[in-house]
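# Report on the structure
Chain by chain, the residues run as shown.
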Amino acid sequence: MTLALTIGVLVFGAVFLMLQRGLVRIILGFVMLGHAVNLMLMSAGGVFRRAQPLIGYNPADVVSDPLPQAFVLTAIVIAFSITVYMLTLAATGSDDDTEDLS
Amino acid sequence: MVLLILLLVLAAAVIGTPLADRALGRHAGWLFAGVLLALAGVVLALAPSVLADGHTPGFTLPWMPQIGVGLSLRMDGVGWLFTLLITGVGGLIMAYSTRYFPPGRRLGFYLLMTLFAFAMTGLVLADDVVLLYVFWELTTITSFYLIGLSGPGADRPAVRTFLITALGGLALLTAVVLMVLRVGTTRLSEILADPVWSQDPAFATTIALLVAAAAFTKSAQFPFHYWLPDAMAASTPVSAYLHAAAMVKAGIYLLMRFTPAFSDLAVWNAALITVGLITAVVGAVFALQQHDLKLLAAYSTVSQLGLLVAVIGVGKEAALIAATVHTLAHALFKSALFMVVGVIDHQAETRDLRELGGLARRMPVSAGVTALAALSMAGVPPLLGFVTKENIFKGLLEAPGPMWVGPSAATAAVLASVFTFAYSFRFAYGTFWGTPRGSTDVHEAGPGFLAGPAVAGVAGLVLGPAVPVLNRLGERGAADTTGTYYPAGLSLWHGFSVDLFMSLAAIGFGALLIRWTASGERMAGRTLFPVNGPTVFEFLHEGLVGLGRRVGDLTRSDSPTRHLVMPVLVLTAMAGVAAGAGIEVPDQYGGTTHPLDWPLVVLATVAVVGAVMTGSRMACLVMVGVAGFTTALWLFLLGAYDVALTQLVVEILTVVVAALVLRRLPRRFHRAPRSRTVLTALIAAAAGVSAALGTYFLTGRRDISGPGQYFLDHSEEDTGGTNVVNTILVDYRALDTLGELIVLGVSGLIIIAVLNSSGLLPSHGSRWVVVSRRSAAYDADDNTLIMRAISHVLLPLIVVWSVYLTVRGHTDVGGGFVGGLVAGAGFALVYLAAPSASVARIKLAYPKIIGAGILVALSSGVLGYVDGSFVKPLHTGVSLPWGGSFHLTTALIFEAGVYLAVVGVVLTALNQLGLEESRPGDSTLGLMAPTPDQPPTNAPEEGSGDHPEDPLGTVPNGGTR
């Protein structure tokens, strides 16, 4: 339940930021959405087993599901590179305004 | 086997066209005529076996065995007839084409014509519905190109024709899919023999209507009839072949082919007879109205096709015998007439009846051929057309249904024939007899030009008295379509019967009509309908395109918000629907909440509230950073140490890079109206609640997943690694990781490319720090002394640590991603500690590092081929001299590639975005633009013209330096 609450709060913040004017807030919203989605992936593995999946360290019946962790790990790095790319776009042109005409 | 050879020869002809065209120019037509006529000879040689002995040659080759689709060919009587028409008439028209076109190369024409012949032969021989559909569409496509090729005015007619026939193609495709799903095979003969047609009338009706729709569009039946006159924009050989003898007959073929399944279906009979007779009458009336000989012939084709459709709709043996033989008769007289139109057009330089007349004396052969063809079309004895039309009347009299149906249908056909007689007369008499008009300097065409029409015309004359030779053909055709052998008994004279009087009525009333209308003059050119086909089509077409544009306008916006909000709203709505409908979910599996979680919920809430409330960019960035650290802590609590470590370092680097960018932007966000804030907050709240509820109800309600358990159980044995997450990344899912690595590297290169084409905004550095001149913090050098001193020691340590993390990743917390990020963080530290950007610049060719990383990862993947497949890791244990053993694996090389690529991307971001100022072209040069504290003299090699530090190896556009 706590994880679900965290995800809900993060999604709220992410969606709010993404719907604002200006690319920087959209990017920050995107970053936050990334956090929420990664945690959601983790929750898919079940949160009742919380030991790290290292063989030999922990009893096999308490270690967490390694598959979502592998997904999330690469997702974090990819999200980082995309974030940097979008930040580059925000810093070029004349401004980071996304609604010049409005 | 002979069927395959037929198709292969045609395919070879298609492939050979460029060569033949290069060598022979327009005379290549003789070659193709030879090929097609030879094939027609082969088909004729099959006649005794197919028609007399009732054999049905077949051939099957697997094509897509997974879904049961085969290259199945089959030639029954119907297939035999159509194959003969396609090859025979095609041969005549190919010969005719050599004289029709001016000298020169005709690659497009011959290529498409042979391709069409191939497609059409495939269509009528296919015994697989998928194959049938493919060939069907191929004829549509070749027809489109052949019309469009004919001149500047032909593009719209080509498009209109294509869209109408393609629409029918979609109906056929739907029918094919439904039939295959229902019957479970793609074999046409098996589908037609299936009992489903009599058992399930609803299904049979659906398919019957779809097949009829496909045939109606292809064979130009009302209300789609207008495409055929429209398609007369094509050159005459194309019209003669596609729009008289072959392509328009594809619809007729399809209807005959499906008659076994639908002939007892009332809706099939009604649709075919009604539409066919309407088309027959309307087409004939329109034909009489034309001044243009070619349009006259086109409307006449529409009308004749209508008769064929109607008689097939009757579904009885006699009717199908009539359909079979009339198809042959029509192909002969209509292709002859079309070719004659081309001859007249060529010799008299017009085909307008108002400018023609009395040509018989100058063009006696053409006149004779035209007379033969027109008499056959008009149904005058002793020509073939007379016999076959009389059989159509006879067939229509048997139309199923109440008593009045048969006589009414036959009467309608007679009405159409009255007009047919009149326009046939108009065609022949108006051109070759009557008052001489127009140019007098007209000569007879050469023998090569006239051979084609002459053969077709004379065949109609010979086959009239000799019509009993077609008995076998008619009988076999009827047997193929109705299932019973029925004596055809075709003959020129068989006593005084009803149908003879109907023929006589058609001729008699036709003669009267000619008298009343002055052989059509009085009716010609008059508008009978307020609209015509092409106008209606264009109206509908434009309306449809406009509608599409209006629908597209809903999403055509430059504002990212409008795009971003759509998926959020849709997902939220879906969540709302799911919540309303209620979903049964199992109980929570195990305890999901720990006391330690709560501080993190609080922390996340604080971060989100702060990020949402603040108007300062920097504050917002910090708050989002807090949210990121909360996420990292969550990952620690969930036992994902590798992931948590990655998240932690990424968060640091994100904040550093974002801070570099924020220097260049206004300090505060754009102001937004309060209403917008409230609205977005509401949407965000709905999305947040949906996400929380969705996560709560839909996750964590089962034990560990099967794949997860598999990895836990087997990773050590399979890969020798004990860090399961890492083994998934570099052993099990290495190809995925490689792809992600490439995305990562490409994003680094894109950053360089973007900054190369458009420069960065200037930074507002002076605005950020307000310190007194006397303060030690004022001078950047003094200010960063401690940081620099520490970073000098720390950087090597960090790099060593990052390498260690990478190497041990396979067995313990760590890995290439974390290692690369840690090293990148080390560089970030050095960067931040530097007193100015130029000193901070890390002079490493970072694009090369990215490239090297990807290459290393790829080459480790190639090593996998040693043991079977790409990216399969090889591993072995090595005994160490001091005891114990080390596990050696090529996954380590892969990790090194990951490490390098990540380091390269981080360096790219730091260096590219850290520039004080930049202009297009400057960003990759490693040179500073002149600034007050960086005089241009400091910059080495400025303006020397070569760019030794250009890390991409690209010379920027001149002019900027």
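Residues numbered from 1 in each chain as written. Chains lettered and ligands numbered in written order. Predicted model: local features only at pLDDT ≥ 70, side-chain atom pairs only at ≥ 80, totals over all residues. Heavy atoms only, no water.

Moving on, we come to the overall build of chain A. Counting its regular elements, chain A contains three helices and zero strands. Along chain A, helices (α) and strands (β) appear in the sequence α-α-α when read from the amino end. For chain A, restricting intrachain contacts to residue pairs at least 6 apart in sequence, the fraction spanning at least 24 positions comes to 55%. Surface exposure of chain A reaches about 3,000 Å², of which carbon and sulfur atoms provide 70%. (Helix = DSSP H or I, 4+ residues; strand = E, 2+ residues; numbered from the N terminus. Contact = heavy atoms within 4.5 Å. Areas by Shrake-Rupley, 256 points an atom, 1.4 Å probe, with all protein chains shown as cover.)

Attention now goes to the confidence of the model for chain B. Any segment with low pLDDT has predicted coordinates that should not be analysed in fine detail. Residues at a pLDDT of 70 or more form 92% of chain B, whose mean pLDDT is 85. Interface confidence for the predicted complex, expressed as ipTM, amounts to 0.95; the pTM equals 0.68. (pLDDT = per-residue confidence, 0-100.)

All names here are of chain B. Looking at chain direction, strand 1 (residues 58-64) and strand 2 (residues 69-74) are connected through six bridges and run antiparallel. By the bridge assignment for strand 2, Met 64 is matched with Val 69. Adjacent in sequence and paired antiparallel, strand 1 and strand 2 are bridged by four residues, among which Gly 68 carries a positive phi angle near 75 degrees. (Pairing = 2+ DSSP bridges.)

So, on to the interface of chain B and chain A. Facing the 109 residues of chain B at the interface are 76 residues of chain A. On the chain B side of the interface with chain A, the three residues burying the most area are Val 612, Leu 638 and His 670 of chain B, jointly 8% of the side's total. Run the count over chain B and chain A and you get two salt bridges. Counting across the interface, chain B meets chain A through 15 residue pairs in polar contact (both at pLDDT 80 or more). Residues that form the side of chain B that touches chain A fall into these classes: 62 nonpolar, 33 polar and 14 charged. (Buried area = accessible area lost by both parts, 1.4 Å probe. Salt bridge = Lys/Arg side-chain N within 4 Å of Asp/Glu carboxyl O. Polar contact = N/O pair within 3.5 Å; in protein donor to acceptor, adjacent residues only side chain to side chain. Nonpolar A, V, L, I, M, F, W, Y, C, P; charged D, E, K, R; others polar.)

All names here are of chain B. Here the structure, examined in full by the defined rule, presents 17 salt bridges over all chains. Note that Arg 105 is salt-bridged to Asp 21, the shortest N-O span being 3.1 Å. Here Arg 105 is found in the loop between helix 4 (77-100) and helix 5 (107-125), whereas its partner Asp 21 is found in helix 1 (residues 2-24), with 84 residues between them in sequence. Residues Arg 476 and Asp 480 are paired through a salt bridge, measuring 3.1 Å at the closest nitrogen-oxygen approach. Remark: Asp 480 and Arg 476 occur in helix 21 (residues 471-482); sequence separation between them is four residues, near one turn of the helix. Each member of the pair, Arg 476 together with Asp 480, is buried. Within this structure, Arg 156, Arg 160, Asp 230 and Glu 538 form a network of salt bridges that share partners. (Buried < 20%, exposed > 50% of the residue type's maximum accessible area, 1.4 Å probe, protein only.)

A few words now on the side chain of Arg 733 of chain B. Examined against the element boundaries, Arg 733 of chain B turns out to sit in the loop between helix 30 (724-732) and helix 31 (734-757). Here the side chain of Arg 733 of chain B touches Asp 736 of chain B through a polar contact of 2.7 Å, side chain to side chain. In this structure, Arg 733 of chain B is in contact with Ala 70, Phe 71 and Thr 74 of chain A together with Ile 728 of chain B, ignoring residues within four places of it in sequence.

Right, let's get into the packing of aromatic side chains. Residue and element names in this part refer to chain B. Considering all chains together, one arrives at 25 aromatic pairs over all chains under this definition. With centroids separated by 5.2 Å and ring planes inclined at 80 degrees, the aromatic side chains of Trp 197 and Phe 262 adopt a geometry described as edge-to-face. With Trp 197 in helix 9 (residues 196-199) and Phe 262 in helix 13 (residues 247-262), this pair connects stretches of sequence that are 65 residues apart. Like Trp 197, the residue Phe 262 is buried in the burial classification. (Phe/Tyr/Trp six-rings, centres within 6.5 Å; stacked < 30°, edge-to-face > 60°.)

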